[in-house]
Amino acid sequence: MKKRPKLFLEINEITEDFILDYKNKNWQFLNFLLKKESILGKKLETKSAGKLEGHDLDPWVEWVTIHCGKPYKDHKIKFLGQAKSCKFPFVWEHWEKNKVKYVLWNVFNGFVKKSDFCQIFLPDPWTKINSKPLFLNFYTSPTRNLASSYTGSSFLKKIFYGFLSIFLFSPTIILRIPLLVKLLILYGVRSISLSDFYIIYEYLLTFLGLILIKFTKAKRIIITTNIVAHAQHHAWKIKGKKRTCLWSLFLMDNLLKMTFTHFQKTHDIFIINGISQTNVIENNEFDYLPLNGHKKLINSLGIKYNNLKPGMTHDAFLTFKNKNEKDVAKNILNSLHIKKERLFKVFDNGSKNLEFYLSYRSKVNKHTKIKGIRKDYRFDQLFYCCGQRTGSHKQKGFIIVPYFKGGYEGKKEFIKNQKLIKFFK
């Protein structure tokens, strides 16, 4: 029997409890994700080996684990854009070796070393590498520029890049006008925020990918969307932000419907989230970012460094000229605290590099002071609040497979994320 092509829809961090909290009987395909068996296939539970958000339990870590088949303790990739340093081959390198045509669309922390059989490659917006074909850079460059400098960007800069993206996606928007109008009629635009436009951007980007992929002869397809993760992190159960959650779920349901409708006859469809989230609204935690970006923060602390590369939002990667500079920076970052609670998690790579993650989430006021190694700072002189933290990363996830042959049938334990590579191959 001839094997059918495979399509993997990776919905970053989508969470069953989040869907249930905003459940709508009209969201047919989202409701299928809640079932053990449905027209989408059979759902198997998965589990990450990661334990600490901001270190080894993040999507840019977990998708590397899933795509290379090795846990974090082996691959050691925990920063966006580091995938090119992975010493283990990704599954698409296996496809290259076997001359299988494939597509990678918006893949989290993905890197293609050889692409003779790659028909389309679109990296995530936080990874500064070229797309294939190159014209796709035209669509993603505004988002890429904004993503790489989001922390510290002015409101006007965000507006500019936002409208530029809208202009570039105008043909796609025109195709989806009926759906977008329905979205606005159903859920409105009251108290709309910039982050809500990111949800629409993610939808349009995934929609564009599904359209372009139909014109290829790819035997393996990975298409990733981050459409619900932000709403879970910052709007889940927050009064006045229900609309954000409804927008993300309404659009995700449509993407599931499109994927199933357009590809079920030609491809075996797998749906996977890798990790999920748990609601933490009762913890009364908040997300903070450097007021003027990571670079200005580090400069204001008097830290000397050779290069700084911002991560997704809370994290950044520092390189130094020598070990002494690194040790001084490490000491300063580790010394910053409020009431004995450190502001940063600092990871020493053992060479001339440091990674730091802004992990402080307790509530502050305008009088809150930071105790540091050089001087005392008011918190609002260095940081600003970007909203309450409503969702935190959770180890459990799932994969929905279109058919089931042996393997884990009848077993209750979770599939380890590094074992999911069997389905890709």
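The structure under discussion appears in the preceding block.
Bear in mind that the values here come from a model prediction, so they are computed numbers and not experimental data. (Residues numbered from 1 in each chain as written. Predicted model: local features only at pLDDT ≥ 70, side-chain atom pairs only at ≥ 80, totals over all residues. Heavy atoms only, no water.)

**Student:** Any chance you could explain the pattern of salt bridges here in plain terms?
**Tutor:** A pair can form between side chains of opposite charge whenever their charged atoms are brought close. A complete count under the given rule lists 15 salt bridges for this structure. The partner of Lys323 in a salt bridge is Asp327, with the nearest N and O atoms 2.8 Å apart. With Lys323 and Asp327 both in helix α14 (residues 323-335) and 4 residues apart, the pair spans about one turn of that helix. A relative accessible area of 30% places Asp327 in the partly exposed class. For the salt bridge of Lys326 with Asp348, the shortest nitrogen-to-oxygen distance reads 2.8 Å. Note that Lys326 is positioned in helix α14 and Asp348 in strand β14 (residues 344-348), a separation of 22 residues in sequence. Overall, Lys326 belongs to the buried group, its relative accessible area being 2%. For Asp348, a relative accessible area of 32% puts it in the partly exposed group. Here the salt bridges share partners, and the residues they tie into one network are Glu53, Asp287, Arg361 and Arg389. (Salt bridge = Lys/Arg side-chain N within 4 Å of Asp/Glu carboxyl O. Helix = DSSP H or I, 4+ residues; strand = E, 2+ residues; numbered from the N terminus. Buried < 20%, exposed > 50% of the residue type's maximum accessible area, 1.4 Å probe, protein only.)

**Student:** So what exactly am I meant to see when it comes to the nonpolar core here?
**Tutor:** A general feature of soluble globular proteins is that nonpolar side chains tend to end up buried together. Formed by 58 residues in total, the largest nonpolar core has its most connected members in Leu33, Met252 and Ile271. Looking at this core element by element, the count peaks at 12 residues for helix α12 (residues 242-263). Val61, Trp63, Ile222 and Phe424 belong to the second largest nonpolar core, which has 39 residues in total. (Core = buried A, V, L, I, M, F, W, Y, C linked by side-chain atoms within 4.5 Å.)

**Student:** Even after reading the chapter, I still don't get the state of the cysteines, so can you show me in this structure?
**Tutor:** In this structure the tally under the stated criterion is 0 disulfides. Free of any disulfide, Cys118 has its nearest neighbouring cysteine sulfur in Cys86, separated by 17 Å. In this model Cys245 remains outside any disulfide bridge; the closest cysteine sulfur is found in Cys386, 16 Å from its own. (Disulfide = S-S within 2.5 Å.)

**Student:** Is there a simple way to explain the side chain of Thr65 in this structure?
**Tutor:** Relative to the elements of secondary structure, Thr65 occurs in helix α3 (residues 59-68). Not counting residues up to four positions away in its chain, the partners in contact with Thr65 are Lys70, Pro71, Tyr72, His75, Asn417 and Gln418. (Contact = heavy atoms within 4.5 Å.)

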